[in-house]
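Observations on the model geometry
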Amino acid sequence: MNRSNDKNIQINCNLCQNTYTNKNSNLHPCPYCGWFNDYMCTENPDKVIYRNLVSFNKAKKLYKEGKPLRPSLSDFLDGLYFYSEMEFHYKNIGYGLFLIDNEKNELVIDFFEFDKDTIGIFASKEDFIKYAKIGNAFVRDIWDNVDDPKYM
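Okay, so let's go over this structure. Every value quoted in this text rests on a predicted model; they were computed, and no experiment measured them.

Side note on the overall build of the protein chain
If you tally the helices and strands in the protein chain, you get 5 helices and 9 strands. Traced from its N-terminal end to its C-terminal end, the protein chain shows the element sequence β-β-α-α-α-β-β-β-β-α-β-β-α-β. Along the three orthogonal principal directions, the C-alpha set of the protein chain runs to about 45 × 40 × 30 Å. Here the protein chain holds 152 residues, and 38% of them are scored as buried. Taking as baseline every contact in the protein chain between residues at least 6 positions apart, the subset at least 24 positions apart corresponds to 35%. Element-wise, carbon and sulfur atoms account for 47% of the exposed surface of the protein chain, whose accessible area totals about 9200 Å². Of the side-chain charges in the protein chain, 19 are positive and 22 negative, and the distance between the mean point of each set is 7 Å.

Structure representation (structure tokens):
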């Protein structure tokens, strides 16, 4: 199927400054650095904004240091507050987080294992960082060992 808006577009990556050809602008990450080029990210350089998992300013720092654009737990939770649904894997088990309204009409974090019940409800980002556990391990302590943190 040939769609008229499936045109090749030359993109100059805002992060690594490489130029590459892509279809549909920011639907795919830069093949050189992995950054999704989106004007909202450059206009809000200190915020985590969908499709990226770190802020633009943090991404620039990580790229300059030759490090991957991997989110910290704090970045990941900032993404949750932007997008409302996140996921990651730990020891080949999937976990998800939803930002939901509780009975008092307050936003809370619903933390769950895929295909299982809720692990816990947390009042805030800070509450999650302080108390969220998988088994006996705090999520904050195992975060460097989680796989594929991403938007749902």
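Quick look at the packing of aromatic side chains
Evaluation of the coordinates by the stated rule reveals 14 aromatic pairs. Judged by centre distance (4.9 Å) and plane angle (80 degrees), the rings of tyrosine 50 and tyrosine 151 are edge-to-face. Within this pair, whereas tyrosine 50 is found in the loop between helix H1 (39-43) and helix H2 (56-64), its partner tyrosine 151 is found in strand E9 (residues 147-151), the two being separated by 101 residues in sequence. Judged by relative accessible area, which is 26%, tyrosine 50 ranks as partly exposed. Judged by centre distance (6.1 Å) and plane angle (40 degrees), the ring pair of phenylalanine 112 and phenylalanine 114 falls under tilted. Judged by relative accessible area, phenylalanine 112 falls into the buried class, the value being 12%. By relative accessible area, which is 27% here, phenylalanine 114 ends up partly exposed. The residue whose ring lies beneath lysine 133 is phenylalanine 138, and the NZ or CZ to ring-centre distance is 4.7 Å. For the cation-ring pair, arginine 140 lies above phenylalanine 138, with the distance from its terminal atom to the ring centre recorded as 3.9 Å.

A short note on the pairing of strand E2 (residues 19-23)
Where burial is concerned, the two faces of E2 differ: the one with Tyr20 and Asn22 is buried and the one with Thr19, Thr21 and Lys23 is not. Note that strand E1 (residues 8-12) and E2 share 5 bridges and pair antiparallel. Paired with glutamine 10 across the two strands is threonine 21, which belongs to E2. Taking the residues that link successive antiparallel strands as the turn, the E1-E2 hairpin has 6 residues, and the phi of glutamine 17 there is positive, at about 70 degrees.

Conventions we followed
- Residues numbered from 1 in each chain as written.
- Predicted model: local features only at pLDDT ≥ 70, side-chain atom pairs only at ≥ 80, totals over all residues.
- Heavy atoms only, no water.
- Helix = DSSP H or I, 4+ residues; strand = E, 2+ residues; numbered from the N terminus.
- Buried < 20%, exposed > 50% of the residue type's maximum accessible area, 1.4 Å probe, protein only.
- Contact = heavy atoms within 4.5 Å.
- Areas by Shrake-Rupley, 256 points an atom, 1.4 Å probe, with all protein chains shown as cover.
- Lys, Arg positive; Asp, Glu negative; His and termini not counted.
- Charge placed at Lys NZ, Arg CZ, Asp CG, Glu CD.
- Phe/Tyr/Trp six-rings, centres within 6.5 Å; stacked < 30°, edge-to-face > 60°.
- Lys NZ or Arg CZ within 6 Å of the ring centre and 35° of its normal.
- Pairing = 2+ DSSP bridges.

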